Amino acid sequence: MIPEGPLPADVIAPETTSRGRVLVIDDEPDIRESLEALLASENYRVDLAFNATEGLKKLETSTYDLVLVDLMMPDKSGMEVLEEIRLRDRETPLFMITAYGSIEVAVEALKRGANDYFAKPWDNEKLLIEIERMISKHRLERENTELKRALKQRYSFPNIVGKSERMMKILDLVAQVAASRATILITGETGTGKELIANAIHAYSARSEHPFVPVHSGSVPPDLLESALFGHVKGAFTGAVASRKGYFEIANRGTIFFDEIGTISLETQTKLLRVIQEREFMPLGSTETIRVDVRIVAATNAELKRAVEEGKFREDLYYRLNVINLALPPLRDRKEDIPALVDHFFAKYCKENEKYLDASGRSELRFEPEAMQILMDHLWPGNVRELENVVERAVVLASQTSVPVDVLPEHLLEAKGLRIRRDESGHLTADASLFEIVADYERRKIIEQLETSDWSQTAAAEALRVPLSTLNQKIKRLNIEIRKRGS
Ligand SMILES: Nc1ncnc2c1ncn2[C@@H]1O[C@H](COP(=O)(O)OP(=O)(O)OP(=O)(O)O)[C@@H](O)[C@H]1O
Ligand SMILES: [Mg+2]
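What you are looking at is a predicted structure, and each value in this text was computed from that prediction instead of being measured. (Residues numbered from 1 in each chain as written. Chains lettered and ligands numbered in written order. Predicted model: local features only at pLDDT ≥ 70, side-chain atom pairs only at ≥ 80, totals over all residues.)

### Observations concerning the pairing of strand 3 (residues 66–70)
Within strand 3, five of the five residues are buried, which leaves it mostly tucked inside the rest of the structure. With burial as the criterion, each face of strand 3 is covered, one bearing Leu66, Leu68 and Asp70 and the other bearing Val67 and Val69. For the handedness criterion, the β-α-β arrangement of strand 3, helix 4 (residues 78–88) and strand 4 (residues 94–98) is classed as right-handed. (Buried ≥ 20, exposed ≤ 12 C-beta atoms within 10 Å, placed from the backbone. Helix = DSSP H or I, 4+ residues; strand = E, 2+ residues; numbered from the N terminus. Right-handed = clockwise from strand over helix to strand, strands pointing away.)

In structure tokens form, the structure reads like this:
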């Protein structure tokens, strides 16, 4: 299993840096293999898809620098694939390859959005030159558009990932309200990025030169919170041996961020309301008021409205805080952001570990499609933070650039029945998921058949009417120990 202590050198040594990621979609194994060998020898990272459906699936969960598509495939024609790819993504360079070359086909392919066309037998040298040329041209163009976009919008959030409609709306709103002094209430489940957004609001305001002071209200004892917020003078209470500035004074001209605003006491709420209204306060034990100019951003993952109804949160303060509400959507409602977040966190943690970075500083780590699918299906109760932890763990544990299912945390695998939890007597646990129940049943049936077939996998596959390769996969996945025949 996972080795304890430092990993051996050969495990952490980065692979040679790649020149780009190429996807080959071709049903002919010979062509796939020869293209893979050719491209790998030139330091490209190659992904193979054996038919159109598989190829489109890969394109959904990963990004590539170039795609090579065969014209004739059993499930869909290359032209159809080309069209489908171009419907979703107009930019990724795409070369058509085929055994049946004709001018008409070439013209048709180019018309439908292919960047180039190669008919068998192609000249490997020429293919490589065109691939290299295309990838660098595309990289340059992409950098250009990104630059233009950033300039046009006048804002960009380099550390916030989110292309989903809902996140784009949030970011638009952030850019729009950042400049004002308006109080903002950020709501959202744990780990959805409330503090990150609060930070962005500050960074994009004219206050950015002044302090951003986060107050983690929930972790400061109530009786200390007031003196922490407003400061105190020497002798204000036992133990106040020197006077101390409070967060409000420190945050002057900047932004104060109240995390878990719902946890502060009614008494402190009253004082907070006063600061918001009067923009002044008195430190504990002082008779002098201090005037401040502070922007307040608050966050809560609890139903603040309900706390108001229950009398635990002042209604007037609630309305004062909630001038503008930013409601961050849970990750399960914007799953299309998952692949980009995964890439972002791979890059972040690879940089920290200086592992697996290619020449342009991009991370080369990727989840295998099966692992990626599990991430797409998971409900993410801990939202982006939970996903970040999963990726960080993968960076630490990965022993090659493509990260297999086994590296995912147990609870993700259990939910899919890829791990079956058992009690001491070997039975399924009482809270087993449907996937676990099915997997357990499948496992027993396979063992039963293997025993009947005297542990011949070929005979068992035949009797169970599945291809031998499927049976082998299941044997491995379900952790079935193969006994010697006749034992
Ligand atoms: N859209 C995003 N892009 C990149 N990183 C993100 C994004 N959203 C959240 N994160 C990261 O996820 C982690 C959790 O985010 P953050 O601390 O802002 O969440 P939170 O909503 O304040 O959580 P909590 O309610 O538990 O305090 C942080 O490391 C943050 O950088
Ligand atoms: Mg937080």
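### Quick notes on the sheet that holds strand 6 (residues 184–187)
One open sheet holds the five strands; their spatial order is 7-8-11-6-12, and the pairing between them is parallel. On the outer flanks of this sheet lie strand 7 (212–216) and strand 12 (324–327), each paired with one strand and no other. Within the sheet, the average angular offset between the axes of one strand and its neighbour, ignoring direction, is 20°. Of the strand pairs in this sheet, strand 7 and strand 8 (residues 255–259) are connected by five bridges, and their pairing is parallel. Residue pairing across strands places Phe212 opposite Thr255, the latter belonging to strand 8. Helix-sheet contacts for helix 8 (residues 194–203) involve strand 6, strand 7, strand 8, strand 11 (295–300) and strand 12, and the interaxial angle to strand 11 is about 165°. (Pairing = 2+ DSSP bridges. Axes fitted to C-alpha atoms, helices over the stretch in contact; angles between N-to-C directions. Contact = placed C-beta atoms within 7 Å.)

### Let's talk about the sheet that holds strand 1 (residues 21–25)
Across the sheet, which stays open at both edges, the five strands sit in the order 2-1-3-4-5 with parallel pairing between neighbours. Bordering the open sheet on either side are strand 2 (45–49) and strand 5 (116–119), each of which pairs with just one other strand. Neighbour-to-neighbour, the strand axes of this sheet turn through a mean angle of 20°, independent of strand direction. In terms of strand pairing, strand 4 meets strand 5 through four bridges, oriented parallel. For Phe95, the partnering residue across the bridge sits in strand 5 and is Asp116. Its contacts with the sheet place helix 3 (residues 52–61) against strand 1 and strand 2, and it is angled at close to 155° to strand 1.

### Things to note about the nonpolar core
Among the nonpolar cores identified, the biggest contains 38 residues, and Ile186, Ile201 and Ile256 are the most heavily contacted of them. Only helix 7 (165–178), strand 6, helix 8, strand 7, helix 9 (222–230), strand 8, strand 11 and helix 13 (315–321) provide two or more residues apiece to this core. The contact partners of Ile186, leaving out residues within four places of it in the chain, are Lys194, Ile197, Ala198, Val297, Ala299, Leu326 and Leu328. Formed by 28 residues, the second largest nonpolar core is a distinct cluster that contains Leu23, Met73, Leu82 and Ala114. (Core = buried A, V, L, I, M, F, W, Y, C linked by C-beta atoms within 7 Å.)

### Describing the domain arrangement of the protein chain
When the parts of a complex come together, some accessible area is lost, and that lost area is often taken as the interface size. Segmenting the protein chain into domains produces domain 1 (10–148), domain 2 (165–328), domain 3 (336–415) and domain 4 (420–487). Centre-to-centre, using C-alpha coordinates, domain 1 lies 52 Å away from domain 2. (Domains from an automatic or database assignment.)

### Points about the site of ligand 1
Contacts to ligand 1 come from 18 residues, most closely from Thr190, Gly193, Lys194, Glu195 and Val384. Residue assignment for the shell around ligand 1 shows that the elements contributing at least two residues are helix 8 and helix 16 (383–397). The residue makeup of the shell around ligand 1, split by class, is four nonpolar, nine polar and five charged. Counting contributing residues per domain, the shell around ligand 1 is built from domain 2 (165–328) and domain 3 (336–415), each supplying no fewer than three. (Near = placed C-beta within 6 Å. Nonpolar A, V, L, I, M, F, W, Y, C, P; charged D, E, K, R; others polar.)

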